[in-house]
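# Results of the structural survey
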2 protein chains.
Amino acid sequence: MSERAWNNNINCQNCSISQLCLPYTLDNLSLDKLDDIIERKRPYRKGEQLFQAGQPLKALYAVRSGSFKSFTVSNDGDAQITAFHLPGDLIGFDSIHSPTYTSFAESLETSMVCEIPFQSLEKLSDQLPLLRRQVMRLMSSEISADKQMLSLLNNKNAEQRLATFLLDFSERFKSRGLSSKEFRLSMTRAEVGNFLGLTVETVSRLLSKLHKSGVIQVDGKFILLQQIDALQQLAGVQLRSCLTP
Amino acid sequence: MSERAWNNNINCQNCSISQLCLPYTLDNLSLDKLDDIIERKRPYRKGEQLFQAGQPLKALYAVRSGSFKSFTVSNDGDAQITAFHLPGDLIGFDSIHSPTYTSFAESLETSMVCEIPFQSLEKLSDQLPLLRRQVMRLMSSEISADKQMLSLLNNKNAEQRLATFLLDFSERFKSRGLSSKEFRLSMTRAEVGNFLGLTVETVSRLLSKLHKSGVIQVDGKFILLQQIDALQQLAGVQLRSCLTP
DNA sequence: CGTCGAGTTGAAACTCATCAAAGTTCGTGG
DNA sequence: CCACGAACTTTGATGAGTTTCAACTCGACG
């Protein structure tokens, strides 16, 4: 199938998730220019990699559909998942300080991406202050999210971590116009555990426990949040009013 | 004392740590422009805050001397230190996606900073591609460092975390032209523990253990790394050659 | 001189990892 | 389309590592 076929009717101007992505706040002229530098590739099958650590930094990627994981591999060989990416998310910000990628990105299911050649993006950013600011906003958001993650790992126990994880995905699906109560987790239990600093067994046990207690319903990769408020309690969320006397 | 007094002979052009900071790669003209927007304030005393979460985002800060901690406060009220900042480090990247600061920054000892008004920096970045790229490089480095931190917390035990922490500071002091073997940690044991996801007691016990084993010498806040290679072993560092056959 | 915060050390408790084993789903080739 | 093997998931028993609780020391400071 020709490359052209994938491009039909796909552009930033009509993209349903552009408000989460680079186009946000761009005027029409800027949008056209951005659209011009973006390459839309064939779908990636589950397990295919966008890039590997050490390869020359060629492009950033925006998820169009499906999902990806980013991960690093430490000197001693074990992998650490550093993020899960949903449509609208940008992949590669952790590498742009380096001539080569500093992490791996791999598809978790059949997925499509927009490839944004890094050189072109830099040049275009020189011309379009709005684009530049959106890039910085997105990078700053990623830093913020990472700090939150540090706090999660340092201060919360296994159950709180998993509850927070589920609520995070709930929010992210919601902001993409999908159900916040019912969704499919494209990653394995092992990947959830790796991300949260827990073992597969602990993740599995806790999902079973939450299921039995009626807070959520679990059917393989499908999750149904039945009592979101209870889940928020478990996640360690407390009302501000409890603290300010 | 007049504000002017602090400014004497302090500028980006002659700053000893400019290669770690924003000026890196800037030409002389750009450097002058950057220097123009920077405000240099009186020293901050230990415990004074640069900003608090919720305050309007006014400026980024570059550490000139001394040290700071950044921290967030979760809904349930406990603080999480997200970074320690040494001279040359920039503070505030986690907030520029927001109209207000998303974290706190507090001096750990008598310290000086360069205040970089955010509006001015944005305007100047529009004119100076080199500056813009350095900002992005620094933000990307911070993302990278945060990902490494995730990996540390998820995969390493208490001893490996502390060893890694000490080696990290060793490297950072070294790149600032200071001794990599002998330095003073300006934060308390509790702050080290908070950052590493450990309790004060664990940090104290491990420092004692490392001291007794002769790997390091501890005298209050002063640390002397006696066997850096042994410390690297404890940190879990292995040679690449062990993995690539 | 007494108090207060920081640091150290010990003993007990608890959470989660580890090891083991069985059950289930997925994907691929016949 | 089905069957087979591999990958993934679940559940149980045990133990290691870290937290928690408690007591004590030390130095700073009014």
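Keep in mind the model is a prediction, meaning the values are calculated, not measured.

Time to look at the overall build of chain A. Counting its secondary structure elements, chain A contains eight helices and 11 strands. Expected size for 245 residues packed as a compact globule is a radius of gyration near 18 Å; at 19 Å, chain A falls within 12% of this value. Projected onto the principal axes, the alpha-carbon positions of chain A cover approximately 50 × 45 × 35 Å. When the accessible surface of chain A is totalled, it reaches about 11,300 Å², and 50% of it is carbon and sulfur. Of the charged side chains in chain A, 28 are positive and 26 negative, and the gap between their average positions amounts to 3 Å.

With that settled, the discussion passes to the pairing of strand β3 (residues 59–65) of chain B. Residue and element names in this part refer to chain B. In terms of residue burial, β3 counts as a mostly covered element, since five of its seven residues are buried. Looking at chain direction, β3 and strand β8 (residues 112–117) are connected through six bridges and run antiparallel. Looking at the pairing, Val63 lines up with Val113 of β8. Sheet analysis places β3 next to strand β6 (residues 90–91), joined by two bridges and oriented antiparallel. The residue of β6 that forms the bridge with Ala62 is Leu90.

To continue, consider the interface of chain B and chain A. Listed per partner, the contact involves 45 residues of chain B and 45 residues of chain A. Summing the contributions of chain B and of chain A, the shared interface buries around 4,200 Å²; its carbon and sulfur component is 55%. At the surface where chain B touches chain A, the tally comes to 10 salt bridges. Across the pair Arg132 of chain B and Asp126 of chain A runs a salt bridge, and its minimum N-O distance is 2.1 Å. Where chain B meets chain A, there are 33 residue pairs in polar contact (both at pLDDT 80 or more). Sorting elements by how many residues they give to the side of chain B that touches chain A places helix α4 (residues 129–155) of chain B first, with 20 residues. The residue makeup of the side of chain B that touches chain A, split by class, is 15 nonpolar, 18 polar and 12 charged.

Turning to the protein's contact with DNA strand D, a few remarks are in order. Not every one of the 16 residues close to DNA strand D is listed here, only the nearest: Arg189, Arg205 and Ser208 of chain A together with Ala158 and Thr202 of chain B. Expressed as a percentage, the sugar and phosphate content of the atoms of DNA strand D within 4 Å of the protein is 62%. Between Glu201 of chain B and DNA strand D, the recorded distance is 3.1 Å, taken from a side-chain N or O atom to a base nitrogen. Here a base oxygen of DNA strand D sits 3.0 Å away from a polar atom, N or O, in the side chain of Arg205 of chain B. Elements represented by at least two residues in the surface near DNA strand D include exactly α6 (189–196) and α7 (200–212) of chain A together with α7 (200–212) of chain B. The element contributing the most residues to the surface near DNA strand D is α7 of chain A, with four residues.

Our focus in this paragraph is helix α5 (residues 158–174) of chain A. All names here are of chain A. The first and last C-alpha atoms of α5 sit 24 Å apart over 17 residues, in line with the 24 Å expected at 1.5 Å per residue. For α5, the complete set of buried residues consists of Glu159, Arg161, Leu162, Ala163, Phe165, Leu166, Leu167, Phe169, Ser170, Arg172 and Phe173. Regarding α5, its N-cap is Asn157, as a side-chain oxygen of that residue lies 3.2 Å from the backbone nitrogen of Glu159 further along.

Turning one copy of the chain about an axis and sliding it along that axis gives the other copy, so a rotation and a shift relate them. Superposition of chain B onto chain A requires a rotation of 180° combined with a translation of 0.0 Å along the rotation axis, giving an RMSD of 0.0 Å. This pairing of chains is accounted for by a two-fold axis. When you check the interface residues of chain B against chain A, 100% turn up at the interface there too, and the contact is symmetric in its surfaces.

Looking now at the protein's contact with DNA strand C. DNA strand C sits among 16 residues. The nearest are Ala158 and Thr202 of chain A together with Ser204, Arg205 and Ser208 of chain B. What you see for DNA strand C is that sugar and phosphate hold 63% of its atoms within 4 Å of the protein. Interatomic distance of 3.2 Å between a backbone N/O atom of Gly197 of chain A and a phosphate oxygen of DNA strand C. A distance of 2.5 Å separates a phosphate oxygen of DNA strand C from a polar atom in the side chain of Thr202 of chain A. Sorting the residues of the surface near DNA strand C by element identifies α7 of chain A together with α7 of chain B as the ones contributing at least two each.

With that settled, the discussion passes to the domain arrangement of chain A. By a widespread convention, an interface's size corresponds to the accessible area lost as its parts come together. Residue and element names in this part refer to chain A. Assigned domains within chain A: domain 1 (3–144) and domain 2 (156–235). One C-alpha centre belongs to domain 1, the other to domain 2, and the line joining them spans 26 Å. Taken residue by residue, the interface counts 16 residues in domain 1 and 13 residues in domain 2. Carbon and sulfur atoms supply 54% of the area buried between domain 1 and domain 2, which totals about 1,200 Å² over both sides. Interface area lost by domain 1 to domain 2 is led by Ile81, Phe84 and Leu86, which between them contribute 47%. On inspection of domain 1 and its partner domain 2, the count reaches four salt bridges. In this structure, Arg184 and Glu109 form a salt bridge, with 3.4 Å as the shortest nitrogen-oxygen distance. Counting across the interface, domain 1 meets domain 2 through 10 residue pairs in polar contact (both at pLDDT 80 or more). Taken together, the residues that form the side of domain 1 that touches domain 2 break down as eight nonpolar, five polar and three charged.

Let's shift gears to the packing of helix α4 (residues 129–155) of chain A against helix α3 (residues 118–127) of chain B. It is at 11 Å that the axes of α4 of chain A and α3 of chain B come closest, and there the two elements cross at 125°. The pairing of α4 of chain A with α3 of chain B is recorded here as oblique in orientation. Seen along the crossing, α4 of chain A lies across α3 of chain B with a hand that is right-handed. Note on element contacts: α3 of chain B touches α4 of chain A through Glu122, Lys123, Ser125 and Asp126 of chain B, opposite Pro129, Arg132 and Arg133 of chain A. For the contact of α4 of chain A with α3 of chain B, a count of residues per class yields one nonpolar, one polar and five charged.

Conventions we followed
Residues numbered from 1 in each chain as written. Chains lettered and ligands numbered in written order. Predicted model: local features only at pLDDT ≥ 70, side-chain atom pairs only at ≥ 80, totals over all residues. Heavy atoms only, no water. Helix = DSSP H or I, 4+ residues; strand = E, 2+ residues; numbered from the N terminus. Rg over C-alpha atoms; globule rule 2.2 N^0.38 Å. Areas by Shrake-Rupley, 256 points an atom, 1.4 Å probe, with all protein chains shown as cover. Lys, Arg positive; Asp, Glu negative; His and termini not counted. Charge placed at Lys NZ, Arg CZ, Asp CG, Glu CD. Buried < 20%, exposed > 50% of the residue type's maximum accessible area, 1.4 Å probe, protein only. Pairing = 2+ DSSP bridges. Contact = heavy atoms within 4.5 Å. Buried area = accessible area lost by both parts, 1.4 Å probe. Salt bridge = Lys/Arg side-chain N within 4 Å of Asp/Glu carboxyl O. Polar contact = N/O pair within 3.5 Å; in protein donor to acceptor, adjacent residues only side chain to side chain. Nonpolar A, V, L, I, M, F, W, Y, C, P; charged D, E, K, R; others polar. Near = heavy atom within 4 Å. Expected span 1.5 Å × (residues − 1). Least-squares fit on C-alpha atoms with pLDDT ≥ 70 in both. Domains from an automatic or database assignment. Axes fitted to C-alpha atoms, helices over the stretch in contact; angles between N-to-C directions. Parallel < 35°, antiparallel > 145°, perpendicular 65-115°, else oblique. Left-handed = near helix turned anticlockwise from the far one by under 90°.

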